[in-house]
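# Chains, contacts and geometry: an overview
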Amino acid sequence: MVWAKQRPPAKFDLALSNLLACSIDDIDGAREALSLEGANENGYPPLLDAIAAHYGVPATRVMTGNGCSGANLLAMGAALAPGDDVLIECPYYDPLAGAARLLGANVRFFDRRFEDGYQLDIDALTRAMTPRTRLVVLTNPHNPGGTLLDDAAIVAAARAAADRGAVLLVDEVYLDIADIVGSGPRHTPAALLASNAISTSSLTKSYGLNALRCGWALASEDLIERMRRTRDVVDGAGTLPAERLSVLALQQIDRLADRARALASRNLDLFRVWMIGMKRLELPAPAKATVVFPRVEDVDDTRVLAEGLHRGYGVAVVPGYLFGEPRNIRISLAGRQDALKEGLDRLADFLRS
């Protein structure tokens, strides 16, 4: 996050992973919804109901948070005590490890290997657990790799965690966009597959509503109650105007999904064609979400590459060392198509040079 916030601006920014932002006029009724009044002690009830309806669960199984990262922090606060072990996949999304360390937990990693397409190796996960493991953390789709796990893999991970008395946390912030642009049935949230699982997500990556900071967790009622008590000492409650707007967004989620599908499908098609000619880049698995994580041939650490690309060509990508995989770069496919095309073309010219 320090890298993301302090880096210089880029003319062609392929590092920002949020879906292209909506305007206030993309949500019908938004301008009229900005009231400052309403009860919000344990979550704004209409927002809890709207998220619950989105997943077909009771509102008692929903907790809101300040974005997906805020929901992840509340989930970890509910599951962990100082000195507990947390087991996190690697490559990994750094704020997940940072939140665990903030809570006084010991962070351990297990590998999701590039050679395996970043699929989940349950044996590797199980071997890495300790008697003090109280939380196992995954992302689905994998961030940064983009690999989608099926329901069977999630169930197996939850079972492995349960055998040690641990909770499984699955950050699913890219899952909606993967399903929106995919051709198969929708994936089931982890929290609906196992009683010891927590699913987290938001309106950001899939719907272009980062400014609302609307995140949430799905879990058992017991875990949700523990998250509520955690929030009492974090930020107490959400921002009511933003939560009112989030209700409107969720009520219009099909229209926002159509917008996201049009944006992301075009960008994915563009990237897939572009990759055909890129001999120095190797993808671990086919691109299925709005982030991809190719490996760069003959480069051990892409930091210098990313700096040169930014300085000489005005293009930003995320160097892989920030995810524990220094030979790769993360590219976002979530922005304007014209900027993506120009950015990819400049990246190709840079690699050829």
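Only a predicted model underlies this, so the values are computations on that prediction, with no experimental measurement involved. (Residues numbered from 1 in each chain as written. Predicted model: local features only at pLDDT ≥ 70, side-chain atom pairs only at ≥ 80, totals over all residues. Heavy atoms only, no water.)

### What about the state of the cysteines?
What counts here: Note on terminology: pairs of cysteine sulfur atoms within 2.5 Å are recorded as disulfides. Using a 1.4 Å probe on the protein chains alone, a residue whose accessible area is under 20% of its type maximum counts as buried, one over 50% counts as exposed, and one in between counts as partly exposed.
Evaluation of the coordinates by the stated rule reveals zero disulfides. Of the cysteine sulfurs around Cys22, a residue in no disulfide, the closest is that of Cys214, at 13 Å. Overall, Cys22 belongs to the buried group, its relative accessible area being 16%. No disulfide involves Cys68; its nearest neighbouring cysteine sulfur is the one of Cys214, lying 11 Å away. What makes Cys68 buried here is its relative accessible area of 7%.

### Structural notes on the packing of aromatic side chains
Aromatic ring pairs are defined here through the distance separating the ring centres and the angle between the ring planes. What counts is decided by this rule: Within 6.5 Å between ring centres, the rings of Phe, Tyr and Trp (the latter by its six-membered ring) count as paired, and their orientation is classed by plane angle as stacked under 30 degrees, edge-to-face over 60, tilted in between. Elements are defined by DSSP. Helices are runs of H or I of four residues or more, strands are runs of E of two residues or more, and each kind is numbered from the N terminus.
For the structure shown, the criterion picks out seven aromatic pairs. Measuring from centroid to centroid gives 4.5 Å for Tyr92 and Phe109, while their planes differ by 35 degrees, and the two rings are tilted. With Tyr92 in the loop between β3 (85-90) and α4 (94-102) and Phe109 in strand β4 (residues 106-111), this residue pair connects regions lying 17 residues apart in the sequence. Measuring from centroid to centroid gives 5.8 Å for Phe271 and Trp274, while their planes differ by 35 degrees, and the two rings are tilted. Residue Phe271 and its partner Trp274 are located together in helix α10 (residues 253-276), separated by three residues, close to a single helical turn. Feature note: the residues Phe114, Tyr118, Phe293 and Phe323 constitute an aromatic cluster, connected by ring pairs.

### Observations regarding the sheet that holds strand β14 (residues 329-332)
Put simply, the test is: At least two bridges found by DSSP between two strands are what make those strands a pair.
On the basis of which strands lie adjacent, the open sheet formed by three strands has the order β10-β14-β13 and antiparallel pairing. If you trace the sheet from one side to the other, it starts and ends with β10 (291-292) and β13 (318-319), each paired once. In the sheet, β10 pairs with β14 via two bridges, with the strands oriented antiparallel. Residue Val291 lies in a different strand from β14, and its bridge partner there is Ser332.

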